[in-house]
Every structure is written in structure tokens, then in C-alpha cells.
Amino acid sequence: MVKLHSCFYFFFFIYPVVISSSSATTTTKLGSVKNNPSLLDDNNNDNESALEIADLEQRVEDYNAKWIASAPSHGKACTHRRLICLPLNEKFNPPMGGFSHDHVQTGDKMSLPRNYWTAIEKTKAEVPWLMKVERIPGGGWTKKRFDPSKYLVSPKEDNESDDDEEEEEDDDDEEEDGSNKSRTVKKITNPLYLPGTLNAAVGSLLDCRAPSNYCFLPWWMMRGLGLHPRDVVDVTLIEDVPPGSMARLRPHSSEFAKDISNPQAVLETELKHYSSLTKGAVIAMDYNNKRYWFDIVDLRSSPHNEKCDMVKVQDCDLSTDFLPARDTLKKKRRQDE
């Protein structure tokens, strides 16, 4: 058992955005459009996409305005927003020496708008500052669960046997950075890329430089929630997550125990980049330039060791337990058959 101490250093970046317009450059004469319909036809798809994004941004803005107007206080108004989500990338990587440096995708930190920093100040929330991210059922806010077959590349050919599927899983793991591909796979053999089943996940704050009405989430969280880029989520500052006492994790590969002499110590060290854990999530950890994936199977809270869906990890005496790896279970099933 190890106590994961608070080593949370918050980098607060605010990037001002200045929007200017000029009637001479932004106004198009109606007559010129009527006389030259090709002006619209040439970029019709781009125009439609821009209009869809503008409409979505306006819907989100209207919802948030109603929430702010109905909130009992300014502090409470800042604790919740409906936000358009996009994946984090390395541009959000904190400077060298800062907490979460090189751990953008292997932690639970997210980039949010400035109002959440105001909420933390007004409510005097204690570290870790945890945010609950929720899918929005109905209303056209989110698409169907994320379909990874549109984004993954597989070297598997039609005439290859199913015995090669395990080798393919290693190739799939190289796609953890979230880069989209134009080709599609015919078969998904890695359970990591199956559509997520979570309806909510908890994470903490990386910075407050996201534009208003937008948030940036790590890819493992977007996958777990089954989100597409520009889906809309509810993000709320919460203070009722219990401290964790125990976490059971299942490695995706048995190589984790083979490659590392003391996997228990390494896991507990890497967990410091997660301020919280969500049951059912699939999280990532890096060690010796290799990425390992884990299912969060069971969580218990202190002091009564009760089962929980979400627990705090930071500043907690958390014990960890390994379950048999996914590939080990798969081989055992084949042998039993």
C-alpha cells in the first residue's frame, strides 16, 4: 500500500482571442451571389460544416446562458457548463518540469474554460479539483457511440488467419494518440477500441485555456464515453467523490508483468498522474517508452471499503490489485475449447 501524495501543480493559461470584422471584407453583396451561384457551390461542403458548427455553438451558448441565469449564485453558476468536446493533443503538454509533462494521454487531466477556475475560487474547492463529464441522452447533443472502425488501420488481410489477431492487437495500440485515418478495418480484434459504455467519467483540471463552450479531454476518456469529436457533454465541478482504498485493475497484456521487475510499484507510481479513477474505464500508462492499458474492474472507498463507481486517488492510501491479463484469459479460453 502506498500513499499517493499531492503533487498537483496547476498551470493557468489564458489565451485572449480578439475577433475583429470589417464590413468591407466580411460583407458579400447579395447580387454577386445571385449572379454567381458557383461561389456557393465550390465550397458547399465547407459551408455546410461551418453552419453546423455555428448552430451547435449557438445551442450550447443558449443552454449555458439559461443555466447561468437560473443559478442561485455566481459561484454555483460557474460550476457547470455544457461543452463541445475535442481530444487533447501534445500542444497541451505542460512545460518540462511541470506536473503532467508528457502525461497528457496517460492521466485524467482536461482543459476547460476559465469559468471553472472562478468556480474553484468561489466555492473554495479542495484539491484535487474533480470534474464529472457526462454524456447527454437524447436531444441530438451526441452521436451514436464512437465507431472505431472508421478511424483505425489494420494490416490484416482477408486471407490471413484468425491466429494473427493477437499480433494485430500490438499494432492497434500504436494508435493511442487519436490520429484519424481514412482507411477502415474489417475486423476489430482489440477490445480497447470497442465503443465505450460509460455514461460518466471523472477527471481533474489540466488548465483553463479552452475557449468558452469547449473542453479538451484525453482520448481514453472520450473512448470510454463513446464520444466523437464535437459531441457535447455536461461538465460539473464535484466535491463528493470518496477517497479510494482499493483498486483492481486488469492489464490488457501479460507483458506488463514480464517487462517490469516490480509492476506493483510502477503502477502505483504512475497512478499519481490520475487524481481519480472511474470503474469501467480503460486507462493508459507509459513505462520505458512503452504504453500499457488497464481495465478498471473494481473500486472501493475508505473508510468502509464500499464499492464505488468513482474514487479519488490523490492523497489517499490506495492499495492496488492485479487481475489476470486479457491475453492470458483469451489463451485459457482457447485451451478449454
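All values reported here derive from a predicted model rather than from experimental measurement.

**Q** Just give me the short version of the overall build of the protein chain, but keep the residues and values in it.
**A** Along its length, the protein chain carries 11 helices and 14 strands. For the protein chain, the proportion of its 337 residues judged to be buried stands at 46%. Of the contacts made within the protein chain by residues no fewer than 6 positions apart, 79% connect residues no fewer than 24 positions apart. As displayed, the protein chain offers around 18300 Å² of accessible surface, 49% of which is attributable to carbon and sulfur atoms.

**Q** Explain the nonpolar core residue by residue, including any values.
**A** Counting residues in each nonpolar core, the largest one holds 49 residues, and the members touching the most others are Leu 112, Met 131, Leu 217, Val 235, Leu 277 and Ile 283. If you tally residues by element for this core, the top one is strand β11 (residues 290–301), at 5 residues. The contact partners of Leu 112, leaving out residues within four places of it in the chain, are Leu 83, Met 131, Leu 205, Asp 207, Cys 208, Arg 209, Ala 210, Cys 215 and Val 235. One finds Leu 86, Trp 141, Tyr 214 and Val 232 within the second-largest nonpolar core, a separate group that totals 14 residues.

**Q** Requested: an account of the pattern of salt bridges, with residues and values cited.
**A** A complete count under the given rule lists 11 salt bridges for this structure. Salt-bridge contacts for Asp 298 lead to Arg 248; the nearest nitrogen and oxygen are separated by 2.8 Å. Here Asp 298 is found in strand β11, whereas its partner Arg 248 is found in strand β8 (residues 244–251), with 50 residues between them in sequence. Overall, the relative accessible area of 28% leaves Arg 248 in the partly exposed class. The partner of Arg 291 in a salt bridge is Asp 286, and the shortest N-O contact between them spans 2.7 Å.

**Q** Describe the environment of Leu 112, with residues and values.
**A** Here Leu 112 shows up in the loop between β3 (109–111) and α6 (115–123). Each C-alpha atom, one on Leu 112 and one on Ser 212, is 8.3 Å from the other, the two residues being 100 residues apart in sequence.

**Q** With reference to specific residues and values, describe the environment of Asp 231.
**A** Checked against the element boundaries, Asp 231 lands in the loop between α8 (219–224) and β7 (232–238). For Asp 231, a relative accessible area of 1% translates into the label buried. As for Asp 231 and Leu 83, which are separated by 148 residues in sequence, their C-alpha atoms are 8.4 Å apart. Ignoring sequence-local partners within four residues, the contact set of Asp 231 consists of Leu 83, Ile 84, Cys 85, Trp 141, Thr 142, Lys 143 and Gly 226.

**Q** Now, about the side chain of Ser 275: what can you tell me, with residues and values included?
**A** Summarising the element assignment, Ser 275 is placed in the loop between α10 (263–270) and β9 (276–278). A polar contact of 3.0 Å, which involves the side chain of Ser 275, links it to the side chain of Gln 314.

**Q** Describe the pairing of β8, listing the residues and the values that go with them.
**A** Of all 8 residues that make up β8, 7 are buried, and the element is covered over most of its length. Here 7 bridges tie β8 to β11, and the two strands are oriented antiparallel to one another. Residue pairing for β11: Gly 244 is matched across the bridge by Ser 301. Of the pairings in the sheet, the one linking β8 to strand β14 (residues 316–322) comprises 4 bridges and is parallel in character. Bridge pairing in β14 links Ala 247 to Thr 320.

Definitions and cut-offs
Residues numbered from 1 in each chain as written. Predicted model: local features only at pLDDT ≥ 70, side-chain atom pairs only at ≥ 80, totals over all residues. Heavy atoms only, no water. Helix = DSSP H or I, 4+ residues; strand = E, 2+ residues; numbered from the N terminus. Buried < 20%, exposed > 50% of the residue type's maximum accessible area, 1.4 Å probe, protein only. Contact = heavy atoms within 4.5 Å. Areas by Shrake-Rupley, 256 points an atom, 1.4 Å probe, with all protein chains shown as cover. Core = buried A, V, L, I, M, F, W, Y, C linked by side-chain atoms within 4.5 Å. Salt bridge = Lys/Arg side-chain N within 4 Å of Asp/Glu carboxyl O. Polar contact = N/O pair within 3.5 Å; in protein donor to acceptor, adjacent residues only side chain to side chain. Pairing = 2+ DSSP bridges.

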